[in-house]
Amino acid sequence: MERLFYLDLSFEAWSQWVSEQNYPSYIAKQIFEWILKGVNDPQKFSNIPKALKEKLAESFRFELPKIDTRLKSRDESTKYVLKLWDDKLIEMVLMPSLDRVTLCISSQVGCKMNCSFCQTGKMGLMRNLSSGEILSQILIANNELENRKVTNVVFMGMGEPLDNFDELILALQIMTSKDGLGLSKHKVTVSTSGLVPEIEALGKKVAVSLAISFHTPFDEERSLMMPVNRKYPLDVLKKALLEYPIQTRHGITLEYVMIKNKNDSLKHAKALVKFAHGLKVKVNLIPLNPHPGTAMEPALEESLKSFQKYLEDRSISAPVRYSRGQDVSAACGQLAVKRKEELDEDPRLLWRQRRALERI
Ligand code: SAH
Ligand code: SF4
């Protein structure tokens, strides 16, 4: 029988397993604590009885995803490609700053939403991550950090988190509970292309911060850029946002990838202000990260500036966010896709990444 991945068990599941082995319930708490500290070898669970350590090792798969590639950017962020047990690749980006440590994580291998500007979308959905695989990214990042821990998590890596709803909720519960990783709900942000029923369900189950991949205030254009808009057009999305329990000072974040001559006009800014009316939103303006196979280009500095000014003059905060780690393969999804292509093409190309690693 296939062994369960140790991180896929909730605290309740550990309690049940421990009681089935006829040990007292406090042992489950101890096991859970070791696991969340990032220790993934039961032999190192020093306060656990020896016989139980052995039972743990034979019953569960105690193996974190492996770090396949680690690329440090000049801006201090580090991009990781992780290899899962079945050799599938995902990526995460660790972005330490003075007052926080933000980790951008993946929720799926690939994505089926097929947004026109996104490289992850091009590969389609390969599979969902399990709740433990989602969590494992935080534990790996904590192990990589010296004397610091991840304080903020954003689901802006590969995948559409709300398309993997059940596993997402299990992972969020462990992330945000005080017996789990204890992260504040304000500091965990789920980013979605706009799956309305799941936005509503998320608000009811674990009301973490919400970001919407918005990208244009016009339905026709948005349906072309983001097929999800055909199912959940802007008025339906707005209703869900109005009802979402607001968690942060800024309310909901609208992510707006700025594409030259496409969605960067003042006409767009004006319609965006209209959409935002009645909502508590902040708009993140993100110059497009171009990637091979697309003719789209990032908006020019001057249109970014006038777009930003238009919003800010109307009291909508609109910081420009350059994707961190641009020099090591830009937007989330791009590095893992590149690695997959390289490995599919010719496994010997590994040396190229190795050389990059040596430079770190
Ligand atoms: N699927 C979710 C979360 C992952 S995408 C979502 O769409 O929200 C994370 C963010 O990266 C989204 O806002 C997405 O629109 C943005 N993104 C995708 N491709 C990009 C690109 N080429 N340049 C800049 N941002 C991009
Ligand atoms: Fe999927 Fe988000 Fe990319 Fe759209 S932008 S294809 S939802 S990962």
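What counts, and where the lines are drawn
Residues numbered from 1 in each chain as written. Chains lettered and ligands numbered in written order. Predicted model: local features only at pLDDT ≥ 70, side-chain atom pairs only at ≥ 80, totals over all residues. Heavy atoms only, no water. Helix = DSSP H or I, 4+ residues; strand = E, 2+ residues; numbered from the N terminus. Buried < 20%, exposed > 50% of the residue type's maximum accessible area, 1.4 Å probe, protein only. Contact = heavy atoms within 4.5 Å. Areas by Shrake-Rupley, 256 points an atom, 1.4 Å probe, with all protein chains shown as cover. Near = heavy atom within 4 Å. Polar contact = N/O pair within 3.5 Å; in protein donor to acceptor, adjacent residues only side chain to side chain. Nonpolar A, V, L, I, M, F, W, Y, C, P; charged D, E, K, R; others polar. pLDDT = per-residue confidence, 0-100. Pairing = 2+ DSSP bridges. Axes fitted to C-alpha atoms, helices over the stretch in contact; angles between N-to-C directions.

Caption draft 1: Representation of the overall build of the protein chain. Counting its regular elements, the protein chain contains 14 helices and 13 strands. Expressed as a percentage of its 360 residues, the buried residues of the protein chain come to 54%. At a minimum sequence separation of 6, the contacts of the protein chain that also span at least 24 residues come to 65%. Surface accessibility of the protein chain: about 17,100 Å² in total, with carbon and sulfur atoms responsible for 51%.

Caption draft 2: Quick peek at the site of ligand 1. Near ligand 1 you find 18 residues, and of these G159, S191, S213, H215 and E255 are the closest. One of the backbone N or O atoms of G159 is found 2.9 Å from a nitrogen atom in ligand 1. Contacts to ligand 1 include N289, whose backbone N or O atom sits 2.9 Å from a nitrogen atom. Look at ligand 1: alone it shows 530 Å² of surface, and the protein chains cover 92% of it. Broken down by secondary-structure element, the contributors of at least two residues to the shell around ligand 1 are strand 10 (188-192) and strand 12 (252-258). Grouping the constituent residues of the shell around ligand 1 by class yields 6 nonpolar, 10 polar and 2 charged.

Caption draft 3: Region of the structure containing the confidence of the model for the protein chain. Chain-level pLDDT for the protein chain is 90 on average; 88% of the residues reach the 70-or-more range. A low-confidence stretch, residues 345-360 (pLDDT under 50), is modelled with 16 contacts involving residues beyond four sequence positions or located in other chains.

Caption draft 4: Region of interest: the site of ligand 2. In the neighbourhood of ligand 2, the contacting residues comprise C111, M113, N114, C115, F117, C118, G121, G159, E160 and S193. Its residues placed into classes, the shell around ligand 2 shows 5 nonpolar, 4 polar and 1 charged.

Caption draft 5: Quick look at the side chain of Q308. Mapped onto the elements of the fold, Q308 is located in helix 12 (residues 301-313). Here Q308 falls in the buried class, since its relative accessible area comes to 16%. Residues contacting Q308, with those up to four places away along its chain left out, are L285, A318, P319 and V320.

Caption draft 6: Expanded view of the sheet that holds strand 9 (residues 152-155). As summarised here, the arrangement of the 9 strands in space is 3-4-5-6-9-10-11-12-13, forming an open sheet in which the pairing is mixed. The open sheet terminates on both sides in strands that have one partner only, identified here as strand 3 (66-72) and strand 13 (281-287). Sheet twist, expressed as the average angle between the axes of neighbouring strands with direction ignored, equals 20 degrees. Relative to strand 5 (residues 89-96), helix 5 (residues 131-144) is tilted by about 45 degrees, and along the sheet it contacts strand 3, strand 4 (78-83), strand 5, strand 6 (101-104) and strand 9.

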